[in-house]
Amino acid sequence: MLVMEIDLNNLTDNYNKIKSKTNKEIIAVVKNNAYGLGLIEISKKLVSLGVKMLAVNDIIEAVKLRENFIYSDVLILNSLTFDDYSYLYRYDNIVLSINSLEDAINLNKYYYGRPLRVHIQIDSGMNRLGIKSWGEYLDTLNIVKNNEKFHLEGIYTHFVSSKDSLINNQISYFKKHLNEYHYRYIHIMNSSSIDKCDFGNLVRVGIALYGVLPDHKQVVKIKTKPIWIKKIYPNETIGYEQKYQVTKESLIALLPIGYGNGIIRSFEGFSVLANNQKYPIIGHICMNHMFVLVDESINQNTHFYITNDTLRIEELANYINTCPHQIQCMFQIENKKYL
């Protein structure tokens, strides 16, 4: 048994904390299957809590929401291709990001039966998505403003860091763009900056909702039980390439989780949690299995936690020197239980 438990009460608490702290409407980022937690279930819960808008990567994610009877506004962060334009005739809750002058030119070639709702994204330092040069911004603005094909309602950018100096530099650059048009929605605050700034009238958050911040409640738990518990004798080895050799009589538990579920081999030597105690992962992690060195208190009904409120995602991220966002998105577990 391998299960991902998603605590919707913790999601609610995190939403309320962000709402109270910022006093702003929330754009909830649910891209990449809501960071692996389940696009539809998480989105339905967030809509019930009153989010202003959902944010996804692409048109496919936006259509999945609509096909599952989620009618809230959905901001698509990536640019659309020509193949995507046909969806715009059918779905009136989609809000597009204009990431370049080319986006504006291409979208302006057609009329979709109504004005397209658009937000301009400004590249203020990430060099990823968004309009970078001042000239390109003005040319884009001239196409989409006062154009019956567009309803220009928002502008946004993305912070590159939570460092105060970088945040201040980006805000200063971003503010200049607001002098050219009166935008209804301005969003720059994200999960890492909700304690750092108070600019704009919307806050766009993902990982903070899911609890991967020190003062937020982690939404996800991953737990399983051993397939078997086996006694191993001195000089016997464990797993592929006989990497781990025991020096004394030991108890080994085999857990049904591995790199096929997102627990990559870099976690070898890390620990899992059982009975509020950490037990080390030994040997090579397999595609669907891992070996754990245990003691006599463990049996085949013992729950092992890969992550929970005690063994938090941040700790996993620190162990393999990456960001918590990556860990949250790595988990590939079909069996999800919403609490």
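That block above? That's the structure.
Residues numbered from 1 in each chain as written. Predicted model: local features only at pLDDT ≥ 70, side-chain atom pairs only at ≥ 80, totals over all residues. Heavy atoms only, no water.

Observations concerning the pattern of salt bridges
Proximity of charged atoms lets side chains of opposite charge pair with each other. For clarity, the threshold we go by: Within this document, salt bridges are pairs made up of a side-chain nitrogen of Lys or Arg and a carboxyl oxygen of Asp or Glu, the two lying within 4 Å of each other. A 1.4 Å probe rolled over the protein chains alone gives each residue an accessible area, and that area as a share of the maximum for its type sets the label: buried under 20%, exposed over 50%, partly exposed in between.
In this structure the tally under the stated criterion is 14 salt bridges. Between Glu25 and Lys19 there is a salt bridge; the shortest N-O distance is 3.2 Å. What makes Lys19 partly exposed here is its relative accessible area of 27%. Put simply, Lys21, Asp195 and Asp215 are held in one network by salt bridges that share partners.

Side note on the sheet that holds strand 6 (residues 116-121)
Convention followed: Pairing between strands requires that DSSP locate at least two bridges from one strand to the other. Labels follow the DSSP assignment, with helices taken as runs of H or I lasting at least four residues and strands as runs of E lasting at least two, numbered in each case from the N terminus. Every axis corresponds to a line fitted to the C-alpha atoms, with the helix fit spanning only the stretch in contact, and the corresponding angles, defined between N-to-C directions, vary from 0 to 180 degrees.
Around the barrel, which closes on itself, the 8 strands sit in the order 2-3-4-5-6-7-8-9 with parallel pairing between neighbours. Across the sheet, the mean angle separating the axes of adjacent strands is 30° when strand polarity is ignored. Both strand 7 (residues 150-156) and strand 8 (residues 185-189) contribute to a ladder of 3 bridges, which runs parallel. Each residue of the ladder has a partner; that of Ile155, found in strand 8, is Ile186.

Observations regarding a nonpolar patch on the surface
Definition in use: Distance thresholds for patches are 9 Å for like charges and 5 Å for nonpolar side chains (Val, Leu, Ile, Met, Phe, Trp, Tyr), applied to residues having over 30% relative accessible area and no salt bridge. Accessible surface area values rest on a Shrake-Rupley calculation with a 1.4 Å probe, where residue burial reflects the displayed protein chains alone.
A surface patch of nonpolar side chains, about 320 Å² in accessible area, is lined by Phe82, Tyr89 and Tyr110. Inspection of the secondary structure puts Tyr89 in the loop between strand 4 (74-76) and strand 5 (94-98).

Let's talk about the packing of helix 3 (residues 39-49) against helix 4 (residues 59-67)
The relative placement of two packed helices is expressed as an angle between their axes plus a distance between the axes. Test applied: Here the word oblique covers every angle except those under 35 degrees (roughly parallel), over 145 (roughly antiparallel) and from 65 to 115 (roughly perpendicular). The sense of a crossing depends on the near helix, which, turned anticlockwise from the far helix by less than a right angle, makes the crossing left-handed and, turned clockwise, makes it right-handed. Residue contacts are counted whenever heavy atoms from the two residues lie within 4.5 Å of one another. In this classification, Asp, Glu, Lys and Arg are treated as charged, Ala, Val, Leu, Ile, Met, Phe, Trp, Tyr, Cys and Pro as nonpolar, and every other residue, Gly included, as polar.
Closest axis-to-axis distance for the helix 3/helix 4 pair is 10 Å, and the angle between their directions is 65°. Compared by their axis directions, helix 3 and helix 4 come out roughly perpendicular. In the crossing of helix 3 with helix 4, the sense of the turn from one axis to the other is right-handed. On the side of helix 3, the interface is formed by Leu39, Ile40 and Ser43, while helix 4 contributes Glu61, Lys64 and Leu65. Classifying every residue of the contact of helix 3 with helix 4 gives 3 nonpolar, 1 polar and 2 charged.

Some points on the nonpolar core
To be explicit about the condition: What makes a nonpolar core is a set of buried Ala, Val, Leu, Ile, Met, Phe, Trp, Tyr and Cys residues whose side-chain atoms join them at distances within 4.5 Å.
With 110 residues, the main nonpolar core has Ile42, Ile120, Tyr210, Met290 and Phe304 as its most contacted residues. Aside from chain neighbours lying at most four places away, what touches Ile42 is Ile6, Leu8, Leu11, Val30, Ala34, Leu37, Tyr210 and Tyr338. Grouped together as the second largest cluster of nonpolar side chains are 8 residues, Ile238, Leu254, Ile282 and Phe291 included.

Topic: the layout of surface pockets
Let me state the cut-off plainly: Grid spacing is 1 Å over the protein atoms alone, the probe is 1.4 Å, and a cavity is where that probe fits but cannot get out, while a pocket is an open set with protein on both sides within 12 Å along at least five of seven lines and lining residues have an atom within 4 Å of a point. Grid points are joined across faces, edges and corners, and a volume is the space filled by probe spheres set on the points.
Taken as a whole, the largest pocket spans an internal volume of roughly 720 Å³. In terms of lining, the largest pocket is formed by 29 residues, of which the most central are Lys31, Tyr35, His158, Asn190 and His325. At the level of elements, helix 2 (31-35), strand 9 (202-205) and helix 9 (324-330) are the ones that each hand at least two residues to the lining of the largest pocket. In terms of residue class, the lining of the largest pocket is built from 14 nonpolar, 12 polar and 3 charged.

What about the packing of aromatic side chains?
Two aromatic rings are characterised by how far apart their centres lie and by the angle between their planes. We count it as follows: When the centres of two rings from Phe, Tyr and Trp lie within 6.5 Å, Trp using its six-membered ring, the rings pair. Their planes under 30 degrees apart give stacked, over 60 give edge-to-face, and anything left gives tilted.
If you walk through the whole model with that rule in mind, you get 13 aromatic pairs. Look at Tyr110 and Tyr112: their rings are 6.4 Å apart centre to centre, the planes differ by 55°, and that puts the pair in the tilted class. Classification of Tyr110 by relative accessible area gives partly exposed; the value is 35%. The interplanar angle of 45° and the centroid separation of 5.4 Å between the aromatic rings of Trp134 and Tyr137 together place this pair among those described as tilted.

Considering unusual backbone geometry
The phi angle at Ala34 is positive, at roughly 55°, despite the residue not being glycine. Tracing the sequence through the fold places Ala34 in helix 2. Residue Ala34 is classed as buried on the basis of its relative accessible area, which comes to 0%. One non-glycine residue, Asn146, adopts positive backbone phi at about 55°. For Asn146, the location among the structural elements is in the loop between helix 6 (134-144) and strand 7.

Quick word on the environment of Tyr156
As a reminder of what qualifies: Under this definition, polar contacts are N or O atom pairs within 3.5 Å; protein pairs additionally need one hydrogen-donor-capable and one acceptor-capable atom, and for neighbouring residues in sequence, both atoms have to be side-chain atoms.
Mapped onto the fold, Tyr156 is located in strand 7. Considered as a pair, Tyr156 and Gly113 are 43 residues apart in the sequence and their alpha carbons are 26 Å apart. Not counting chain neighbours up to four residues away, the residues in contact with Tyr156 comprise Leu75, Leu77, Ser97, Asn99, His119, Ile120, Gln121, Ile122, Phe174, His187 and Arg204. At a separation of 3.0 Å, a polar atom in the side chain of Tyr156 contacts the side chain of Gln121.

Some points on the pairing of strand 16 (residues 277-282)
Bridging between strand 15 (residues 271-274) and strand 16 involves 4 bridges; their strand directions are antiparallel. Each bridged residue has a counterpart across the sheet, and for Leu273 the counterpart in strand 16 is Lys278. Hairpin geometry of strand 15 and strand 16 is characterised by an intervening segment of 2 residues between the two adjacent antiparallel strands and by a positive phi of about 55° at Asn275. Inspection of the sheet shows strand 16 paired to strand 17 (residues 290-294) by 2 bridges, in the antiparallel sense. By the bridge assignment, Ile282 is partnered in strand 17 with Phe291.

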